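# Reading the structure
Residue strings, one per chain:
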Amino acid sequence: MHAYAANVYTSVTEELMKEKHRKFIVVEQEFFRLWWDTVATDKHKKQVGQLLKEGRLEFIIGGQVMHDEAVTDLEDQILQLTEGHGFLYETFGVRPQYSWHVDPFGASAATPVVFALAGFNAHLISRIDYDLKDDMQKKKKLQFVWRGSQSLGEQQEIFTHTMDQFSYCTPSYIPFSNRSGFYWNGVALFPNPPEDGVYPNMSLPVTSDTLHSYAKTMADNIKQRAAWFRTNHVLWPWGCDKQFFNSSVQFHNMDPLLDYINQHSDEFGVTVQYATLSEYFQAVHNANLSWDVRNNQDFLPYSTVARRASSLLYAAESLFTRYRSTYPDGPVPKDWALQQLRSLRWAVSEVQHHDGITGTESPKVADMYVEHLTQGMMAVQELMAALFLLPKSVSPFPHIHESKSKDSSQAPEQHIIVYNPLAWNTTTFINITVTYPMASVYDEDGKPVSAQIQTSPESISTYDLYIHVTLSGLQYKKYVIKYATTPCIKESECWPTYTGKVVKFDRQRMNGSKKTGRRLLPVMNECYRLMIDQDTNLLHSITDRETQRTVKMTQQFGEYYVNGDVHQGPISDNYIFTANGSAIPVFKAVGMEIVPGKLMTEIRQYFYSEENDTDFKYVMYTRLYRVPEQHKGELLCHRIEQNYRIGPLEVNREAILRTVTDLRTDKTIFTDNNGFQILKRPYKMFVNNTLARNYYPMVRTAYIEDDSTRLVLLSERSHGVSSQDQGQVEVMLHRRLWNNQEWNLGYNLTLNDSSVVQPVLWMMLGSKSTTSRLYPRAGLALEHRPVVMLIDSPKKAWDVREPRRHYAVPVDPVLLPANLHLLSLNVPGWRYSSNHTKHLEHILKGKAGNVDPDFGRVMLRILHLYEVGEDPVLSQPATIDLKEVLRSLGTVRTVEERSLTGTWDLSELRRWKWRTSGNNSQGELFCCISARTVSLQNCMFSKS
């Protein structure tokens, strides 16, 4: 805030007040909020209010950040947008209606849907494939109406403007000077400005000698750009990154230049004016032209802590909402709880920045993101512990047994709490690392719980305890783990805890002439049969036991060798993937261990760079679960869980997992758009960099398929994925790069990452109908796995247990139909009336923000998971009774249907309609809480 952001807002505010014709747009709220809270004077704040009222200062997008579009999850996009919109509405009563998404790397089809649902009238993008942009320019197709969702169709369409080849910066070349033009600020210096006020690379000032040359250069560029658009209005962005930090210099040069062009408009053929983005889009809308329709295609292609933090926040929000409803007078201070949640909301929001979660920030900024996320996660974990453990008016664990001290010789025991943050019943396994060779697990009623214990793969002193848990929606259970210092001699002694024993196999060399497939070892559960080739220690095939279709399948790690010398050709860096050829296998031998068990079988494969190496660089752990009898676990049965350990890599290597099958896929892959919808990605040939340009982001899901069978990959974090050959899918897992490009060196953006990464993928194989039915819920089950909280460390129990009487009734679950997902259930803590007129009156009277947060307003978002036609049953509209679903939260007093970020009452929202050419019938319109149309909206309700 010292040298750049604070100076922008301070100097721009002061300069706008000096001349009535000056205007400015503000995009991201994070730094503005910091300036507003810590730097802005009372005078500045009054000036901002006046400028907003006059329409000379305009908030665009209004989110905390300009989020990345390729690798962010839909839930996180909505979160950061809601955080920013809530601040703007609470503080100023304004509701942004236009986007400025000029810098994300590619444009997702989910983003225009999000903005339409938030009440936006128009959307603006820039970074798309350069060949495509060039073609769109020539054909005057840079503007169109985008229907980003096949299911929502024209109901949530939005007019979209694509920036031309000059993008969002003022053209820097001027023919009459060797300096860059139009950047009179120069280049910002951090952290303190130069004492003499002279910044590097300041443009030649506008004087009587340069005025005409500047005017001609600007007018010529305007006319060049006008040829690419259909209306007489040209959007000419003035500024760029890190500009207007000394806006008096900018405006001092801009004002006379604009005046001169307008005074000589006959000569130059143009007139110019300062304008906000709303004024530009209003002019285009008033032209009343018919626009081409772009359906749900996107513009692609062009980190771990963040996703874990987001999942933790998701769980904590619903847990606190339930706590406030069930125990309104409980001992957890509500204001403190909201503060804990807000710290993580802020951290998760800011890392969605297009130079944040993408890894294109400097190490210093990356460290800041991690610090904020870590602090936020610690705050929320502290909150969750308080919600679970502090005494309440009734017992949080209704059937836990009381103790009376009698015997101190008992074995150690430990207590854990497991919370299901999803609004479905779930059957799964959780894993606890322990230091004892045997353990017995008991639930709240003292009943034994099925579990499996086995030695940890990478430590001789620890064990992995897998516990079978069954939880209802938004419910938690407490478990007691009793440890034993020695293994059981007989299996019956420790029932229902089973022991998995490691079976080691000989290391196998990779030899092209070696015969393989002669010794196949089956590993199976009720859904799959995996065949492991003992001649290679690699996967050989998988059989889907429902259809009896066997798919030949191998998996192996590879590395792309990339160039780091700009003098030797194209490089790979944080921004660009440029491979020198196909990925090369990185191993010459594979070791294997298998841990067979009654509940789960684990396959451990170790990949060695050389045949006789003692250390491995790559590891793959594959787990196949068996559902205990009398339990339903369709998702668990169809889950082939894989964990990987990769690194450290050598410099200028990019590591991938390649899965090769005999499916006839025509090199086509399907990937998700931000976890929202699936898009088909046929393989395409390009003049340059074909390999990399067939890589696409996988935020949650990717799959390949033939006529009958589909292989699905589900991810807990974003990856690049591609299908470079028939029946093949490869996933980018890790990168370590260094290059000598001046820009990257100057900002320390070389991505010289020597870390070890441990990503997780779940695989699913089956018919199209079965996988279509299961993968949307399975992807969410991976992203929002049960939260496990260790209440204490193992210690000896000092008592014999006797039942204690309780009068509390267990809290009812919150359950939704299988095709609906509880996208949000939280207490925003907003301090404004939902009545817009009343809220504006409060702002005018200076009362905005001076009231306590409203803890009685709960924000509910419900998302329909299935696209139109995806499943004959689950794609149908679903009707729910909100009062019944939310019965455990108390009595629902009122319900308001609001825009996605909560600032608009939908009954008052009137988005612009745009004339379109061609076919206007796209998708279906479903009614309230029926499907995607409103299930992505907010329902704000108050409870009594």
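Please read these numbers as outputs of a predicted model, since none were measured by experiment.

For the chain, the count of helices and strands is 20 helices and 41 strands. Whereas a compact globule of 944 residues would reach a radius of gyration of roughly 30 Å, the chain reaches 30 Å, a difference of no more than 12%. Counting only C-alpha atoms and orienting by the principal axes, one finds that the chain spans roughly 95 × 70 × 60 Å. The 944 residues of the chain split such that 59% are buried. Of the roughly 38900 Å² of accessible surface on the chain, 50% is carried by carbon and sulfur atoms. In the chain, 100 positive and 104 negative side-chain charges are present, and the distance between their average locations comes to 4 Å.

Okay, the packing of aromatic side chains next. This model, assessed by the stated rule, comprises 54 aromatic pairs. Cluster of aromatic residues (ring-pair linked, three or more members): Tyr-9, Phe-32, Trp-35, Trp-36, Phe-59, Phe-87 and Phe-92. Taking the ring centre of Tyr-683 as reference, the NZ or CZ of Lys-667 above it sits at 3.8 Å.

For helix α7 (residues 211-226), with 16 residues, the first-to-last C-alpha span of 22 Å sits near the 22 Å given by 1.5 Å per residue. Among the residues of α7, Leu-211, Tyr-214, Ala-215, Thr-217, Met-218, Ala-219, Asn-221, Ile-222 and Arg-225 are the ones counted as buried. As for α7, its buried residues are in contact with α8 (247-263) and α9 (265-268).

Our focus in this paragraph is the nonpolar core. In this structure, Trp-100, Phe-281 and Met-384 are the most contacted members of the largest nonpolar core, which totals 108 residues. Filtering out sequence-adjacent residues up to four positions away, Met-384 remains in contact with Leu-312, Ala-315, Ala-316, Leu-319, Tyr-419, Val-787 and Met-789. With 64 residues, the next largest nonpolar core counts Val-523, Met-620, Val-729 and Ala-778 among its residues.

The next point concerns the packing of helix α1 (residues 5-18) against helix α3 (residues 42-54). Running from amino to carboxyl end, α1 crosses α3 at an angle of 60 degrees, the nearest separation of the two axes being 10 Å. Classed by the angle they form, the pair α1 and α3 counts as oblique. Both α1 and α3 take part in a crossing whose hand is left-handed. On α3, the residues touching Thr-10, Thr-13, Glu-14, Leu-16 and Met-17 of α1 are His-44, Gln-47, Val-48, Gln-50 and Leu-51. Residues that form the contact of α1 with α3 fall into these classes: four nonpolar, five polar and one charged.

Residue position: Gln-555 is located in strand β20 (residues 549-561). Since its relative accessible area comes to 4%, Gln-555 is described here as buried. Here the side chain of Gln-555 touches Gln-642 through a polar contact of 2.7 Å, side chain to side chain. Here Thr-659 takes part through its side chain, which lies 3.2 Å from a polar atom of the side chain of Gln-555. Those residues within four positions of Gln-555 in sequence are excluded, and the remaining contacts are Leu-538, Leu-539, Met-620, Gln-642, Leu-657, Arg-658, Thr-659 and Met-763.

Turning our eyes to something else, we now look at the pattern of salt bridges. For the structure shown, the criterion picks out 42 salt bridges. One salt bridge connects Glu-650 with Arg-653, and the closest N-O pair in it is separated by 3.6 Å. Judged by relative accessible area, which is 14%, Arg-653 ranks as buried. Glu-705 is the salt-bridge partner of Arg-710, the closest N and O atoms lying 2.9 Å from each other. Per residue, the accessibility class of Arg-710 equals that of Glu-705, and both read buried. When salt bridges that share partners are traced, they join Glu-593, Glu-602, Arg-604, Arg-623, Arg-639 and Glu-641 into one network.

What follows concerns the confidence of the model for the chain. Of all residues in the chain, 93% attain a pLDDT of 70 or more, and the chain-wide mean is 89. Across residues 800-809, where pLDDT falls below 50, the model places 24 contacts with residues more than four positions away in sequence or in other chains.

What the four strands build is an open sheet, ordered β9-β13-β12-β15; its pairing is mixed. The sheet terminates laterally at β9 (426-434) and β15 (497-499), the two strands that pair on one side only. Within this sheet the neighbouring strands show an average axis-to-axis angle of 25 degrees, counted without direction.

Every second residue of strand β35 (residues 787-790) is oriented toward a common face, the buried set being Val-787 and Met-789 and the non-buried set Val-788 and Leu-790. Where strand β8 (residues 412-419) lies against β35, four bridges are found, and the strand directions are antiparallel. Bridging from a neighbouring strand, Val-418 pairs with Val-788 of β35.

The tally for this structure, following the rule as stated, stands at three disulfides. Sulfur-sulfur distance for the disulfide between Cys-169 and Cys-240 comes to 1.9 Å. The S-S bond linking Cys-169 to Cys-240 shows a torsion near 50 degrees; that makes this disulfide right-handed. One end of the pair, Cys-169, is in the loop between β5 (158-162) and α7; the other, Cys-240, is in the loop between α7 and α8, with 71 residues separating them in the sequence. Under the relative-accessibility criterion, Cys-240 is labelled partly exposed at 29%. The disulfide partner of Cys-527 is Cys-637, and the gap between their sulfur atoms is 1.9 Å. Measuring handedness by torsion sign, the sulfur bridge of Cys-527 and Cys-637 sits at about 125 degrees and is right-handed. Here Cys-527, found in the loop between β17 (520-524) and β18 (528-533), pairs with Cys-637, found in helix α15 (residues 634-637); they are 110 residues apart in sequence, far enough to count as distant. Cys-637 carries the same exposure label as Cys-527, and that label is buried.

The rules behind these values
- Residues numbered from 1 in each chain as written.
- Predicted model: local features only at pLDDT ≥ 70, side-chain atom pairs only at ≥ 80, totals over all residues.
- Heavy atoms only, no water.
- Helix = DSSP H or I, 4+ residues; strand = E, 2+ residues; numbered from the N terminus.
- Rg over C-alpha atoms; globule rule 2.2 N^0.38 Å.
- Buried < 20%, exposed > 50% of the residue type's maximum accessible area, 1.4 Å probe, protein only.
- Areas by Shrake-Rupley, 256 points an atom, 1.4 Å probe, with all protein chains shown as cover.
- Lys, Arg positive; Asp, Glu negative; His and termini not counted.
- Charge placed at Lys NZ, Arg CZ, Asp CG, Glu CD.
- Phe/Tyr/Trp six-rings, centres within 6.5 Å; stacked < 30°, edge-to-face > 60°.
- Lys NZ or Arg CZ within 6 Å of the ring centre and 35° of its normal.
- Expected span 1.5 Å × (residues − 1).
- Contact = heavy atoms within 4.5 Å.
- Core = buried A, V, L, I, M, F, W, Y, C linked by side-chain atoms within 4.5 Å.
- Axes fitted to C-alpha atoms, helices over the stretch in contact; angles between N-to-C directions.
- Parallel < 35°, antiparallel > 145°, perpendicular 65-115°, else oblique.
- Left-handed = near helix turned anticlockwise from the far one by under 90°.
- Nonpolar A, V, L, I, M, F, W, Y, C, P; charged D, E, K, R; others polar.
- Polar contact = N/O pair within 3.5 Å; in protein donor to acceptor, adjacent residues only side chain to side chain.
- Salt bridge = Lys/Arg side-chain N within 4 Å of Asp/Glu carboxyl O.
- pLDDT = per-residue confidence, 0-100.
- Pairing = 2+ DSSP bridges.
- Disulfide = S-S within 2.5 Å.

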